[in-house]
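# Understanding the architecture of this molecule
Spelled out, the chains give:
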Amino acid sequence: MNFWQKLFSTGKAQTTDTLVPPNRAAAAQQPAVWQGIGFITGKKTDIGRQREQNQDSIYTFESFLESSVGQDPFGIFVVADGMGGYQKGDIASNLAARTAAEYVIRHIYLPYLSEEHSAAQIPLTEALQNAVHLANDAVVQQTPEGGTTLTMAVVMGRQAYLAHVGDSRAYLYHQGKLQQITQDHSLVARLVELGQATAKEAQSHPQRNVLYRAVGQTESLEVETYLQPIPANGYLLLCSDGLWGMITDDEMTSILNEAVSPQQAAESLIDTANANGGDDNISVILVGIG
Amino acid sequence: MPLETQRLQNLNTNDAANEQILPKGAILQNRYEIMRILGLGGMGSVYLARDLNFTKVERLCAIKEMISNTPDPTVRKTALYNFEREANTLASINHPAIVKIYDYFSEGNRSYLVMEYVEGQNLEQIINDLDTHAFLDEARVLRWGIQICDILTFLHEHKTPIVYRDLKPPNLILRAGSNPEQLVLIDFGIAKAFQEGQKGTMMGTEGYSPPEQYRGIASPQGDVYALGATLHHILTKRDPKLEPPFTFHEAPLRQFNPGISEQTEHVVMKALNYEMKERYTSAAQMKAALQHALKSLTHSGGAHFPSPTDGTSQTRPASQAPTVAFGQNVSPNAATTVIGNQAAPSVRDAPNINTGQGGVIAIWAFRAEDEIRSSPTMGDGLVYIGAYDNNVYALDAKNGSFVWKYATDGGIASTPFFYKDRVIFGSEDRLIYAVTSHRGKILWTCPTEGKVRSSVRVDFEHAFVGSDDNRLYAINAQSGRVIWRFEAAGPIRSTPIIDTEIVYVGSDDGHLYAVNMQTGKMKWKFRTNRGIISSPTIYEDLILFGSQDWTFYALNKTSSWSIWRTRTNQAIISSPTVKDGIVYFGSVDGNLYALDATSGRTIWKFRAGSHIVSRPAVSDNAIFFGTNNGEVISLHLKSGKERWRFQTGGPVPSSPLLGEGMVYIGSTDHNLYALPA
């Protein structure tokens, strides 16, 4: 059934896969995720246990949009994992996140407020690509020694539009299952695809951190875009490799299943990554729509 | 003072850099005087230096510097040991095409390798210096490949066999002034000993190394792979460093450089196999294959292409999209695919007329009294088709025998819609008709104020159809009663589609409209720059359609926000068909496009050479459409390669219908054809 129909015909969720387990929800008399319309998010970035600085950057922008179309949430969510020498990676990730977000606000969010849509508007995937290319140019020019991953979700209504470069990831968490949306632009990911390494070997491969595509490395850059509806009671999870490199998908899933709120889920994910060693910086953004 | 500040900063930066780089005139080991820097590497620099032991003659050498920044003394010691061991091995190699090692030494945290200075450009520089559309001469590159095989064979069969492991264009120098040309292999990747221990997310795959090397396997077949990758880069100019690793199999050479012979492509692709055992077992074996390719090239193949002598042949630009019909062998008007390296078929004997691949012969044909521009539909074993002789015909789907016809007062441009016990269609006489599907008896008519060329779509018991009176009608399918009318600013000829209670339709006024199915009120509109005749289709959250402004659009169906778009070279009238996440449509530019529906990325493109107005029909493994020069074409769905063609006697704007193992399609030659699918 269509999500909108579901939303408007029943007025509340019929599935039980909420972040609030039914028993607790009942105890707290929580209508859980269906309280009004808007984003329900959790976010955190952490230095981890092994690094001297946090080179990850996260960015979030959440708004409501009132238009003839209806009330739609609009959001921008970015995870960027910087790389390069001291204070280069963090500058690169920060710059990339800001530059991309600014472009999206200017060319998608602001025009989105106007009602008349036409061929004159930049198509969304093009705009997303432009945003990442602009971020790429900025990093190439301003911190040539640095680079960054960039995974950005622009959420309009129930639809998430993703732009992605590098090995940060976007997942969809829905009905107790975690499904990876993005593809890592890493050497080991390719080796796994080719059957030259197993997923397990990849976890400890000496070159597991080696990317073949990142923002700020070359003047031209191929940007992956994805389209992902966020179903009712579904959550979009964006994270850096400091999370998925330290926690298995199963661990992530059970943490999400147990969590009482997205914010608590984000914190718990990071705590677990740290408990497992915290080898790298860890960033998490969780986005649901109530 | 801003100016001074700036200068100061620059100075500082230079100082920082200079710390690492040896200045001109610096002397190492009391023997090597630095003259200038030749290049910057990841681990240090390469210098041009003079050997002061030679006082009478100027003996130049190249000195490669490796700076170890590892703080761990054990790691550093191991690196140094490995370096010295490898340098020792290399010093014992004596081959004219391998750079000579004269000396090595370490000073502090820096290690140095003193080598023969080879004057010339490396192969990467040579590729980068080519004009955008120019490629290196194939025969010349093959000769290089043969030389490299010789060098590799020498290394592999050395008394202590050496696997080179780092073959790539920058490590091959074309010795300046050599005639015949001589390549010299430099840089034995010795620096790798110092590169361990880096942490955190980082960039850099070489792009030329075989997959097994990342499992620690170094073998002669690994060098064969790297040679394949090197030749691939040189011949195609596709830089593997900028591509996902191990994607050569997705990039056959001729896709980038159509001038390459099939044999050469075969040799290079074989070397690039993921599985070691599928490659040539030795460099010697690959050499034989390259020699064979060179021989057949100079004997026959060379004559096919204007063969350049200066090594910078002007070839067609490499196409970005994997186009099926590549240029070089085809006369400009021949709308045919080139398979393999066959001689150019002339238009006259092109293998396409009625007896294309598969030799398609019509199973049956039904002749109307005038042109058929509309498309067939099917129901209860009958095929329904409208013609410009004002009739809608019902025919037996199996054998084409006449069952009934219904005459209106105008030409039928629209496709009938089969619904329960009736067929519903519009006519240029301004009426919409519902007749019984079995006998063609009238059930109702519904008047509009313009010719009806839009086709009917029935959903939720209502017929939705546009008219040249600018209106979209919602009609009760049972009674023929108009429920609502929606007014656009121009004729509506596009066929509506209904999804989650929204009716989407295009108009000649250039807008795509989304109209509430219950109320007939507009939800949104999206303006393109020309009229929209193409009928929209839905895929997931997207609405997909073409416009006569040459552009194909994908909008979010809820918000009307444009998600992606692709521009063709002419108007788009053909309606899209989606199957398995891929959208197919034709353009007046003569191409049939297959694009990824969510991203707009080109999967393939087929050049039919004539306007495509027809909406493609898709089966599990094939696609069918008509063209303006009267052909019905079928392609393999996956590859976009041609299956067959069938020639009719007039343009085919009609869209094919699949059923009963057949393709039904009308032609302006008055016939409705049933072809084997």
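Model, not experiment: these values are computed from the prediction. (Residues numbered from 1 in each chain as written. Chains lettered and ligands numbered in written order. Predicted model: local features only at pLDDT ≥ 70, side-chain atom pairs only at ≥ 80, totals over all residues. Heavy atoms only, no water.)

### Examining the overall build of chain A
The test is simple: Runs of E in the DSSP output that reach at least two residues are strands. Runs of H or I that reach at least four are helices, and both are numbered from the N terminus. Whether a residue is buried, partly exposed or exposed follows from its accessible area with a 1.4 Å probe, protein chains only, as a fraction of its type maximum: under 20%, in between, or over 50%, in that order. Working rule for contacts: check all heavy atoms of both residues, and any pair within 4.5 Å makes them a contact. Only the protein chains shown count as cover for residues, with accessible areas throughout obtained via the Shrake-Rupley method and a probe of 1.4 Å.
Each helix and strand in chain A was counted, giving nine helices and 13 strands. For chain A, buried positions account for 59% of its 290 residues. When contacts within chain A are restricted to residue pairs at least 6 apart in sequence, those whose partners lie at least 24 apart make up 75%. Within the structure as shown, chain A displays about 11,400 Å² of accessible surface, and the carbon and sulfur contribution to it stands at 48%.

### Considerations on the interface of chain A and chain B
This is how the line gets drawn: A quick way to say it: buried area is the sum, across both parts, of accessible area lost when two parts are put together, with a 1.4 Å probe. Just to be clear on terms, a salt bridge is a Lys or Arg side-chain nitrogen sitting within 4 Å of an Asp or Glu carboxyl oxygen. Any pair of nitrogen or oxygen atoms within 3.5 Å is treated as a polar contact; in protein, a donor-acceptor pairing is required on top of that, and neighbouring residues in sequence qualify only through side-chain atoms on both sides. Throughout this entry, Asp, Glu, Lys and Arg are counted as charged residues, while Ala, Val, Leu, Ile, Met, Phe, Trp, Tyr, Cys and Pro are counted as nonpolar. The remaining residues, Gly among them, count as polar. Note: two strands are recorded as paired if DSSP finds a minimum of 2 bridges between them.
Each partner contributes residues to the interface: chain A has 46 residues there, and chain B has 42 residues. Interface of chain A and chain B: buried area, both sides summed, is about 4,000 Å²; carbon and sulfur atoms make up 57% of it. The three residues of chain A that bury the most area against chain B are His117(A), Ala119(A) and Gln196(A), which together make up 16% of that side's buried surface. One can count one salt bridge joining chain A with chain B. We note a salt bridge from Glu126(A) to Arg565(B), for which the minimum N-O separation is 3.5 Å. Taken together, the links from chain A to chain B amount to nine residue pairs in polar contact (both at pLDDT 80 or more). Residue contributions to the side of chain A that touches chain B peak at four residues, all from helix α3 (residues 89-112) of chain A. Here the side of chain A that touches chain B is built from residues that sort into 20 nonpolar, 17 polar and nine charged. Here strand β4 (residues 117-118) of chain A runs beside strand β29 (residues 522-527) of chain B; their pairing, made up of two bridges, is parallel. Bridge pairing links His117(A) to Phe526(B) in β29(B).

### Some words on the nonpolar core
Residue and element names in this part refer to chain B. Let me state the cut-off plainly: Working definition of a nonpolar core: buried Ala, Val, Leu, Ile, Met, Phe, Trp, Tyr and Cys residues. They are joined through side-chain atoms within 4.5 Å. In this entry, domain limits derive from an automatic or database-based domain assignment.
Residues Leu155, Leu167 and Met286 are the most contacted members of the largest nonpolar core, which totals 74 residues. Here this core takes ten residues from helix α4 (residues 138-156), the largest share from any one element. When residues are assigned to domains, this core turns out to be shared by domain 1 (19-116) and domain 2 (124-195 + 207-314), each giving three or more. Met286 has contacts with Cys149, Val224, Leu227, Gly228, Leu231, Val267, Ala271 and Tyr280, leaving out every residue within four places of it along the chain.

### Let's talk about the layout of surface pockets
All names here are of chain B. Filter applied, for reference: With a 1 Å grid laid over protein atoms only, a set of points is called a cavity when a 1.4 Å probe fits there but cannot get out and a pocket when it is open yet has protein on both sides within 12 Å along at least five of seven lines; lining residues have an atom within 4 Å of a point. Grid points are joined across faces, edges and corners, and a volume is the space filled by probe spheres set on the points.
Taken as a whole, the second largest pocket spans an internal volume of roughly 1,000 Å³. Together, 36 residues line the second largest pocket, and Ser375, Thr415, Ser455, Thr495 and Ser655 are the ones closest to its centre. Residue classes in the lining of the second largest pocket are distributed as 18 nonpolar, twelve polar and six charged.

### Some details on empty space enclosed by the protein
If you roll a probe as big as a water molecule over the atoms, it shows you where there is empty space left. Counted according to the given criterion, the structure contains four cavities of 30 Å³ or more. Every residue lining the largest cavity is counted, eleven residues in all, and those nearest its centre are Met156(A), Gly157(A), Arg158(A), Asn556(B) and Thr558(B). Partitioning the lining of the largest cavity into residue classes produces three nonpolar, five polar and three charged.

### Considering α4(B)
Stated precisely, the cut-off is as follows: The span you would expect from a helix comes to 1.5 Å times its residue count less one.
For α4(B), which comprises 19 residues, the first-to-last C-alpha distance of 26 Å matches the rise-based estimate of 27 Å (1.5 Å per residue) to within 8%. In terms of burial, α4(B) is a largely internal element, 15 of the 19 residues being buried.

### What about unusual backbone geometry?
All names here are of chain B. Residue Pro180 is reached from Asn179 by a cis peptide bond, and omega for that bond is 0°. Positionally, Pro180 belongs in the loop between β9 (172-175) and β10 (183-185). With a phi close to 55°, Asn30 is a non-glycine residue in the positive phi region. Relative to the helices and strands, Asn30 is located in the loop between β1 (27-28) and β2 (32-40).

### Observations regarding the side chain of Lys579(B)
Residues and elements named next belong to chain B. With respect to the helices and strands, the residue Lys579 is situated in strand β34 (residues 577-579). Within polar-contact distance, the side chain of Lys579 engages the side chain of Asp620 at 3.0 Å. Beyond its immediate chain neighbours, meaning those up to four positions away, Lys579 contacts Tyr584, Val618, Ser619, Asp620 and Leu637.

### Some points on the sheet that holds strand β20 (residues 431-436) of chain B
Residue and element names in this part refer to chain B. Quick reminder of the rule: To obtain an axis, a line is fitted to C-alpha atoms, over the contacting stretch when the element is a helix, and the angle between two such axes runs from 0 to 180 degrees between their N-to-C directions.
The four strands are arranged β18-β19-β20-β21 in an open sheet whose pairing can be described as antiparallel. Two strands lie at the open edges of the sheet, namely β18 (417-419) and β21 (442-447), each paired on one side alone. On average, adjacent strands in this sheet sit at an angle of 20° to one another, irrespective of strand direction. Bridge analysis of β20 against β21 gives five bridges, and the strand direction is antiparallel. Counted as the bridge partner of Val435 is Ile442 from β21.

### Structural notes on the packing of aromatic side chains
Residue and element names in this part refer to chain B. Using the following cut-off: Classification of ring pairs rests on two measures: the distance between centres of Phe, Tyr or Trp rings, Trp counted by its six-membered ring, which must be within 6.5 Å, and the angle between planes, read as stacked under 30 degrees, edge-to-face over 60 and tilted in between. Here, a charge over a ring means that NZ of Lys or CZ of Arg falls within 6 Å of the ring centre while also lying within 35 degrees of the ring normal.
On inspection of all chains with the given rule, the structure shows 28 aromatic pairs over all chains. Seen from their ring centres, Phe552 and Phe585 are 3.9 Å apart, and the 5° between their planes marks the pair as stacked. Separated by 33 residues along the polypeptide, Phe552 in strand β32 (residues 551-556) and Phe585 in strand β35 (residues 582-586) bring together distant segments of the chain. The exposure class assigned to Phe552 is buried, which follows from its relative accessible area of 0%. The rings of Phe552, Trp564, Phe585 and Tyr593 are connected pair by pair, giving a single aromatic cluster. Across from the ring centre of Phe135, 5.3 Å away, lies the NZ or CZ of Lys237, which sits over that ring.

### Section: the sheet that holds β35(B)
Residues and elements named next belong to chain B. Ordered by their spatial adjacency, four strands build an open sheet running β34-β35-β36-β37, and the pairing between neighbours is antiparallel. Of all strands in the sheet, those bounded by a partner on one side alone are β34 and β37 (602-607). Pairs of neighbouring strands in the sheet enclose a mean axial angle of 15°, with direction left out of account. Summarising the sheet, strand β36 (residues 591-596) and β37 pair through five bridges and their orientation is antiparallel. From the neighbouring strand, Tyr593 faces β37, where its bridge partner is Lys605.

### Here we look at the pattern of salt bridges
Evaluated as defined, the whole model comprises 37 salt bridges over all chains. In this structure, the salt-bridge partner of Asp280(A) is Arg51(A), at a minimum N-O distance of 3.1 Å. Remark: Arg51(A) occurs in the loop between β1 (39-46) and β2 (56-67) and Asp280(A) occurs in the loop between α9 (262-275) and β13 (282-289); sequence separation between them is 229 residues. For Asp280(A), a relative accessible area of 7% corresponds to the buried category. Here Lys398(B) and Glu660(B) are joined by a salt bridge, their closest N and O atoms 3.3 Å apart. In this pair, Lys398(B) is assigned in the loop between β16 (391-396) and β17 (402-407) and Glu660(B) in the loop between β42 (657-659) and β43 (662-666), connecting sequence segments 262 residues apart. Here the salt bridges share partners, and the residues they tie into one network are Glu428(B), Arg453(B), Asp468(B), Arg493(B) and Asp508(B).

### Some words on the pairing of strand β39 (residues 622-626) of chain B
Note on strand geometry: in a regular strand, side chains alternate between the two faces of the sheet. All names here are of chain B. A large share of β39 lies buried, amounting to five of its five residues. By the alternation rule, side chains of β39 split into Ala622, Phe624 and Gly626 and Ile623 and Phe625, which are all buried. In this structure, the hairpin formed by strand β38 (residues 617-618) and β39 is closed by a connection of three residues. Bridging between β39 and strand β40 (residues 631-636) involves five bridges; their strand directions are antiparallel. Bridge pairing in β40 links Phe624 to Ser634. Between the end of β39 and the start of β40, which pair antiparallel, lie four residues, with Gly630 showing a positive phi angle near 90°.

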